Every structure is written in C-alpha cells, then in structure tokens.
Amino acid sequence: MDLLYIWNWILLLSLLEKAWISFSLLFFIKSKQDFIKIANEISKRIKEELLFTVNIGLSDNKILAKMASDFEKPDKIHTLYKEEIKEKIWDFPIEELFMVGNKSAQRLRNIGITKIGELATSNPKMITKRFGKFGTTIWENANGLNNDEVVYQEEIPKSIGNSITLPKDYTNIDELNKIILSLSEKVGYRLRKYNLKSYTIGINIKTNEFLKYSHQKTLNKPTSNTQEIYNTAKELLEKIYKN
C-alpha cells in the first residue's frame, strides 16, 4: 500500500463533503510527523490536480479527525489526538462538539453544561439518563472515545449535501447566490450519479460567531435537476437573509 492507493480513493471520494482515510496499514509511518507529511502531499495534489482546497484533520479516530478538520479554514491541516483534547477543544462552546446541534446544545445548557470540557468531565450515567443513547455518544465524543473503523466501500448515501467555508464574510445576497449555485451543481451531480432524486431541499448557514441558521422545503415532486435545486435553495436563502 502506498500513496498511489490512497490517491485513488481520494479521486473516488473527491465530490463528497467529507471522507476518512485510514493510514493504519502504511508500514513506512514512523511518527506523527509522517502523517503530517502525507497530509501535506494530499492537500497539495488536490489543490494542483482537482483545483480546490481541503481541510484535513489528523487523529487517532474518526470523530476527532472530523473535529480537527473543522478547525480554522480554509486549506489547513490540524491535529487532534487524544492527548490534545483537553488543551484544544474543552474550552469550545458545546455547540462545536460533533453531533450536538442547536436543540441538544440548549438542553445541555439548561443543566449547566456550556462547554465541551464540562460535558467531558460530567457523570456519564447522569448524561445517559437524561439523553439516552445519544447522551452516551456525545459524552464519548467529548472524551475522544470512538472505535469506528474506516470502511473502504462506496455506499448509496441517505442524504446528499455539499458545504463550503468562505474565505471572508459575505453580506451581499447576489454573491451568496453564486455560491449557492456552485453548491447546487455539486449536489445535483451527485444525485444523478447515484440515480437518486430528492423531495426535500435544505440549506444550513453558520456565521463567524458560530450562530447556525437552517431552512428546508419539501417539493411536490422529487428532483435531481440542478436548476430546480438552485431555485429552491435560493428561495430558502432569501428567507433566512430577510430574517
């Protein structure tokens, strides 16, 4: 196994919003610096050959790697190993924890948990009692506990979406619509690739202050048409923009 094998998988997954690659079988890996060298090579080749940038997160498991990839953007490489959790993410607001949305964040705030570290150091039995299996999962995420394996197989997705982290703040809706069009083209392409159509179109926006806004619409007929996806997404953006 070498970088060519990894690169073939990157080409296969290049239209996805996120993907994981396991380096566990690379015999030449001697230190964590080797991971960073490989990540830099992957980032460089994607930029030069596919003409877009990516954020790469490096860690011991999938959850921490995902969270690391969501650190400062764009075009960055970050690490979040288990021994770095306390220093790097425990002071983050609870909304920044993977799988914690606005509603669950508010429920956590209602019991005095406002930061990831406060959840990580809370009693896991109490969290599970209040939140069920979901509580167990987010408590484990806050502590970097995850044993999910990276499975190399292409599956038909249950939902399809694309996102982008903008290099600057945008307030002009015409500029935002151009970005929505680009994302709609990618979503439409992926729907057609899997021979799928969607009844529901939604958009999600996160501001530079980590405020999240979302809106969705159910169509009369399912679609994979880029223009129809764009028109609906544009309509949803305008509703959020007015508010």
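Our structure is the block above this text.
Anyway, here's the lowdown on the structure attached to this text.

So, how was this worked out
- Residues numbered from 1 in each chain as written.
- Predicted model: local features only at pLDDT ≥ 70, side-chain atom pairs only at ≥ 80, totals over all residues.
- Heavy atoms only, no water.
- Helix = DSSP H or I, 4+ residues; strand = E, 2+ residues; numbered from the N terminus.
- Buried < 20%, exposed > 50% of the residue type's maximum accessible area, 1.4 Å probe, protein only.
- Contact = heavy atoms within 4.5 Å.
- Areas by Shrake-Rupley, 256 points an atom, 1.4 Å probe, with all protein chains shown as cover.
- Arc of directions from axis to C-beta.
- Polar contact = N/O pair within 3.5 Å; in protein donor to acceptor, adjacent residues only side chain to side chain.
- Axes fitted to C-alpha atoms, helices over the stretch in contact; angles between N-to-C directions.
- Parallel < 35°, antiparallel > 145°, perpendicular 65-115°, else oblique.
- Left-handed = near helix turned anticlockwise from the far one by under 90°.
- Nonpolar A, V, L, I, M, F, W, Y, C, P; charged D, E, K, R; others polar.
- 1 Å grid on protein atoms, 1.4 Å probe; cavity = no way out; pocket = protein on both sides within 12 Å on 5 of 7 lines; lining within 4 Å.
- Points joined across faces, edges and corners; volume = space filled by probe spheres on them.

1. Re the overall build of the chain
Counting secondary structure elements, the chain contains 10 helices and 4 strands. Mapped from its N terminus to its C terminus, the chain presents α and β elements in the order α-α-β-α-β-α-α-α-α-α-α-β-β-α. Burial status across the chain gives 36% buried among its 243 residues. Sequence separation of 24 or more characterises 51% of the internal contacts of the chain that already satisfy a separation of 6 or more. For the chain, the accessible area works out to roughly 15500 Å², and carbon and sulfur atoms hold 50% of it.

2. Some thoughts on helix α5 (residues 102-110)
For α5, the full list of buried residues reads Ser-104, Ala-105 and Leu-108. Within α5, the buried residues cover an arc of 105 degrees as seen down the axis, which keeps them to one side. Structural note: α5 exposes Lys-103 and Asn-110 on the side pointing more than 90 degrees away from its buried face. In this fold, the buried residues of α5 make contact with α6 (116-120), α7 (124-131) and α8 (133-142). Just downstream of α5, Gly-112 is the residue with a positive phi angle, here 90 degrees.

3. Notes on the side chain of Thr-223
In this fold, Thr-223 is placed in strand β4 (residues 212-223). Its relative accessible area of 3% is what places Thr-223 among the buried residues. Here Glu-228 takes part through its side chain, which lies 2.4 Å from a polar atom of the side chain of Thr-223. The residues contacting Thr-223, other than those within four sequence positions of it, are Leu-191, Lys-197, Ser-198, Glu-228 and Ile-229.

4. A closer look at the packing of helix α9 (residues 173-193) against helix α10 (residues 226-242)
Running from N to C, α9 and α10 cross one another at 140 degrees; their axes reach a closest spacing of 8 Å. Put simply, α9 runs oblique to α10. Our pair here, α9 against α10, has a crossing hand that is right-handed. Residues Ile-173, Leu-176, Asn-177, Ile-180, Leu-181, Ser-184, Glu-185, Val-187, Gly-188, Leu-191 and Arg-192 of α9 lie in contact with α10, whose contacting residues are Thr-226, Ile-229, Tyr-230, Ala-233, Lys-234, Leu-237, Glu-238 and Tyr-241. Classifying every residue of the contact of α9 with α10 gives 11 nonpolar, 4 polar and 4 charged.

5. Details of the layout of surface pockets
Empty space within the second largest pocket amounts to approximately 160 Å³. Forming the boundary of the second largest pocket are Lys-197, Lys-217, Thr-218, Leu-219, Asn-220, Lys-221, Pro-222, Thr-223, Glu-228 and Thr-232. Mapped onto the lining of the second largest pocket, the elements with two or more residues apiece are β4 and α10. The dominant element in the lining of the second largest pocket, judged by the number of residues it contributes, is β4, at 7 residues. Classifying every residue of the lining of the second largest pocket by side-chain character gives 2 nonpolar, 4 polar and 4 charged.

6. A short note on unusual backbone geometry
Here the bond from Lys-73 into Pro-74 is cis, since omega is -5 degrees, no more than 30 degrees from zero. With respect to the element layout, Pro-74 can be found in the loop between α3 (62-69) and β2 (77-79). Phi at Met-99 is positive, roughly 85 degrees, even though this residue is not glycine. Summarising the element assignment, Met-99 is placed in the loop between α4 (85-88) and α5. With phi around 60 degrees, Asn-195 is a residue other than glycine that occupies positive phi space. Here Asn-195 lies in the loop between α9 and β3 (198-206).

That is the geometry; function is a separate question.
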